[in-house]
Amino acid sequence: MSANNNAEKPKAEPVTGLDLLRQPFPAHQISKLPKETKKQREEREADRSKGINCQVCGGWHHRNAVHLDYVGHAALTDRLLDTDPLWSWEPAAFRDGLPAFDNTGGLWIKLTVCGVTRLGYGHAAAKPQMDPGAREKEVIGDALRNAAMRFGAALDLWHKGDLHLTEDTADDAKDDAASAAVLAAGVAIDLCKTESALTKWSASNAEMIAKLDAKDKTEVRRLYGVRLEKLRNASREDIVADNASDPFSEAA
Ligand SMILES: [Zn+2]
């Protein structure tokens, strides 16, 4: 549908029907969801300085939280409409004429696309200060994503990391979380406006960096080096570099 796709596949038949649901989502339709570990959340709640107003997702969360890719409700709805303008969903069950949310607040739905119906399940945690109905809407969006995944929508994103990462599955997702950590580190590095800010960042994130595998550590080191050089070139003042705080030392 985009110029890019046409360039890659000049004479390909247009993808239609359920196959369209399986097409990867373009980058601009992929959003970032911050994911804190339980420890990070507790740390941030106890000490506000552990949090950041994140430039990646626009949220407030622990500075070392990773981000997961996900497709938002609007992008998914757009894709469902492109696939089948008559797509529909309904709750799997009703109670007193209303969708039957289960006793944890989750909801089973049936999603019908191109005449095929598949089940999906959504849930969402209640958060303080949520608008009335906001949790229910989030549950529906989550159930639609889940059901659409059964049709192959955004599978490439889902296999990288589950939106509902729990402490139990954290180990399974470790490899991908590390890559997300590189992404987050890259953003943080780029936000450092001075060499001393960069040094400070590396010192306060030494623990996180030390935990990265060799490949990710190399990448963070590269990003750090690129930024350092840029800042040094841009600097109009002489700032003494503090090489002693190099967080990438293999001894770490
Ligand atoms: Zn963020």
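Structure first, text after, so check above.
Summary of the structure given here.

Calculation rules
- Residues numbered from 1 in each chain as written.
- Predicted model: local features only at pLDDT ≥ 70, side-chain atom pairs only at ≥ 80, totals over all residues.
- Helix = DSSP H or I, 4+ residues; strand = E, 2+ residues; numbered from the N terminus.
- Expected span 1.5 Å × (residues − 1).
- Buried ≥ 20, exposed ≤ 12 C-beta atoms within 10 Å, placed from the backbone.
- Core = buried A, V, L, I, M, F, W, Y, C linked by C-beta atoms within 7 Å.
- Domains from an automatic or database assignment.
- Contact = placed C-beta atoms within 7 Å.
- Pairing = 2+ DSSP bridges.

1. Points about helix H5 (residues 134-149)
- With 16 residues, H5 extends 23 Å from end C-alpha to end C-alpha; this agrees with the ideal 22 Å at 1.5 Å per step.
- Considered for burial, the residues of H5 that qualify are Val139, Asp142, Ala143, Leu144, Arg145, Asn146, Ala147, Ala148 and Met149.

2. Points about the nonpolar core
- Judged by nonpolar contacts, the single largest core of 34 residues is most densely connected at Ala148, Ala153 and Ala185.
- Counting residues per element, this core draws most heavily on helix H8 (residues 174-191), which supplies seven residues.
- A domain split of this core shows at least three residues from each of domain 1 (16-160) and domain 2 (174-236).
- For Ala148, the contacting residues outside a window of four places in its chain are Leu21, Leu76, Leu80, Leu111 and Ala153.

3. Points about the pairing of strand S8 (residues 107-113)
- Burial along S8 is one-sided: Leu107, Ile109, Leu111 and Val113 are buried, and none of Trp108, Lys110 and Thr112, which face the opposite way, are.
- Bridge count between strand S5 (residues 88-91) and S8: four bridges; the pairing is antiparallel. Along S8, the bridge assignment pairs Ser88 with Thr112.
- In this sheet, strand S9 (residues 116-122) lies alongside S8 in antiparallel orientation, the contact comprising seven bridges. Counted as the bridge partner of Val113 is Val116 from S9.
- Adjacent in sequence and paired antiparallel, S8 and S9 are bridged by two residues, among which Cys114 carries a positive phi angle near 50°.

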